[in-house]
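# Structural features, examined
Spelled out from the first residue to the last, the chains are:
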Amino acid sequence: MPLDYTNSVPLYIQLKDRIEKKVLDGTYTGKIPSEREFMDEYYISRSTVRQAIDALTREGTLVKKPGKGTFVAIKPINDWLGSLSSTTETIENMGMSPGAKLVKTQTLTLPVYLQKITGITEAVHIKRVRYADNIPIGVENNYYPVELGEKIKQYDLNKVSLYDLLEQELGIMSIEADQTIKSGQVKKGDSKLLKVSPTTSMLIAERKLVDMSGNFVEYERASYRADMYSFNIKLSRKK
């Protein structure tokens with residue numbers, strides 16, 4: 001199907017979006033079509049194809065292998081909604097290597113809407129970029145009661161899983177969570193951290209954790225690249 005020449009969106013961006021969708025839905029696995037095949041399918045120039053491919057290569061979606069072609073570089077990360085698991089566990093279960101990079105930690109007064117959700121007025125905010133096989137996949141913002149947050153800050157947050165830290169080091173067990181998921185566009189600052197286009201679509205997950213006594217433990221607002229992260233849930237129909 002040809003691209004829309006009357007659209008104000010540049011042709012290479014339109015092609016980039018179509019390729020991303022086909023990677024996400026599994027149409028493209030392994031080697032993608034050649035430049036000539038894209039030219040013939042979408043009635044576009046070679047330079048347009050190369051712009052789209054180069055953009056996807058910079059973002060880590062595709063990888064070029066000299067003499068062989070261009071290949072899908074990412075493995076979509078699946079997270080089952082019925083299981084409370086950490087990002088680290090999800091990435092490891094997909095056979096990929098997890099990673100994290102601390103962006104900042106700060107103690108702040110929460111905005112009113114977060115005060116209502118968490119029941120506290122001040123919190124320690126921890127912001128990290130998360131990686132899968134060295135590809136940045138998302139940005140996580142975590143908020144903790146000040147006393148707990150100060151304890152967490154004593155650890156190397158470039159290396160630890162926060163869930164493991166809560167359970168194994170700080171003794172906070174039997175955690176339950178309420179979670180909502182929605183779509184959105186990447187924030188300007190986050191697009192630079194993730195090395196993606198400012199128009200990149202994201203999956204935004206908001207999660208409130210409590211301990212076995214119902215005490216607030218953590219509020220997390222995380223945004224993940226929609227081309228690399230998907231949520232699965234098992235459903236059954238009972239009469």
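See the structure above.
The structure reproduced in this document is the subject of the present report. Everything quoted here is computed from the prediction, not taken from an experiment.

### A closer look at the overall build of the chain
Per the secondary structure count, the chain includes eight helices and 10 strands. The buried share among the 239 residues of the chain stands at 44%. Put simply, 57% of the contacts in the chain that link residues at least 6 apart link residues at least 24 apart. For the chain, the accessible area works out to roughly 13200 Å², and carbon and sulfur atoms hold 49% of it.

### Quick look at helix 7 (residues 162–169)
For an α-helix, the turn length of 3.6 residues means that residues three or four places apart are oriented alike. Within the span of helix 7, buried status applies to Leu 162, Tyr 163, Leu 165 and Leu 166. Around the axis of helix 7, the buried residues are gathered within 165° of arc, so they sit on the same side. Exposed positions of helix 7 whose direction lies more than 90 degrees from the buried face are Gln 168 and Glu 169. Contacts from the buried residues of helix 7 go to strand 5 (122–132), strand 6 (135–145), helix 6 (146–152), strand 8 (201–210) and strand 9 (216–225). Taken from the residues just after helix 7, Gly 171 is the one with a positive phi, measuring 70°.

### As for the pattern of salt bridges
Per the stated rule, a full pass over the model turns up 12 salt bridges. The residue Glu 20 makes a salt bridge to Lys 16 at a minimum N-O spacing of 3.2 Å. Here the residue Glu 20 and the residue Lys 16 both occupy positions in helix 1 (residues 11–24), the gap between them amounting to four residues, near one helical turn. Given a relative accessible area of 4%, Lys 16 falls into the buried group. Across the salt bridge formed by Arg 130 and Glu 140, the nearest N and O atoms sit 3.4 Å from each other. Here the residue Arg 130 occupies a position in strand 5, and Glu 140 occupies one in strand 6, the gap between them amounting to 10 residues. The exposure class assigned to Arg 130 is buried, which follows from its relative accessible area of 3%. Residue Glu 140 is classed as buried on the basis of its relative accessible area, which comes to 2%. The structure contains a network of salt bridges with shared partners spanning Glu 35, Arg 46 and Arg 50.

### Things to note about the nonpolar core
Within the largest apolar cluster, 16 residues are counted, with the highest numbers of intra-cluster contacts made by Leu 15, Ile 19 and Phe 38. Of the residues forming this core, the biggest block, four residues, is contributed by helix 3 (residues 46–58). Apart from the residues within four sequence positions on either side, Phe 38 is in contact with Leu 15, Ile 19, Tyr 28, Ile 32, Pro 33, Tyr 43, Ile 44, Val 49 and Ile 53.

### Notes on the sheet that holds strand 4 (residues 98–109)
The six strands are arranged 4-5-6-9-8-7 in an open sheet whose pairing can be described as antiparallel. The outermost strands of the open sheet, each flanked by one partner alone, are strand 4 and strand 7 (176–185). Across the sheet, the axes of successive neighbouring strands diverge by a mean angle of 15°, strand direction being ignored. In this sheet, strand 6 lies alongside strand 5 in antiparallel orientation, the contact comprising 10 bridges. When the sheet's bridge partners are listed, Lys 127 is paired in strand 6 with Asn 141.

### Here's the deal with the packing of aromatic side chains
According to the stated counting rule, one finds three aromatic pairs in the structure shown. Consider the rings of Phe 38 and Tyr 42, whose centres lie 6.4 Å apart with planes at 20°: the pair is stacked. Of the two residues, Phe 38 and Tyr 42 both sit in helix 2 (residues 35–42), four residues apart, roughly one turn of that helix. For the residue pair Phe 38 and Tyr 42, the accessibility class agrees, reading buried in each case. Ring centres 6.2 Å apart and planes at 40° place the aromatic pair Tyr 143 and Tyr 219 in the tilted group.

Reading the values: rules and limits
- Residues numbered from 1 in each chain as written.
- Predicted model: local features only at pLDDT ≥ 70, side-chain atom pairs only at ≥ 80, totals over all residues.
- Heavy atoms only, no water.
- Helix = DSSP H or I, 4+ residues; strand = E, 2+ residues; numbered from the N terminus.
- Buried < 20%, exposed > 50% of the residue type's maximum accessible area, 1.4 Å probe, protein only.
- Contact = heavy atoms within 4.5 Å.
- Areas by Shrake-Rupley, 256 points an atom, 1.4 Å probe, with all protein chains shown as cover.
- Arc of directions from axis to C-beta.
- Salt bridge = Lys/Arg side-chain N within 4 Å of Asp/Glu carboxyl O.
- Core = buried A, V, L, I, M, F, W, Y, C linked by side-chain atoms within 4.5 Å.
- Pairing = 2+ DSSP bridges.
- Axes fitted to C-alpha atoms, helices over the stretch in contact; angles between N-to-C directions.
- Phe/Tyr/Trp six-rings, centres within 6.5 Å; stacked < 30°, edge-to-face > 60°.

Treat this as a map of the structure, not an account of what it does.
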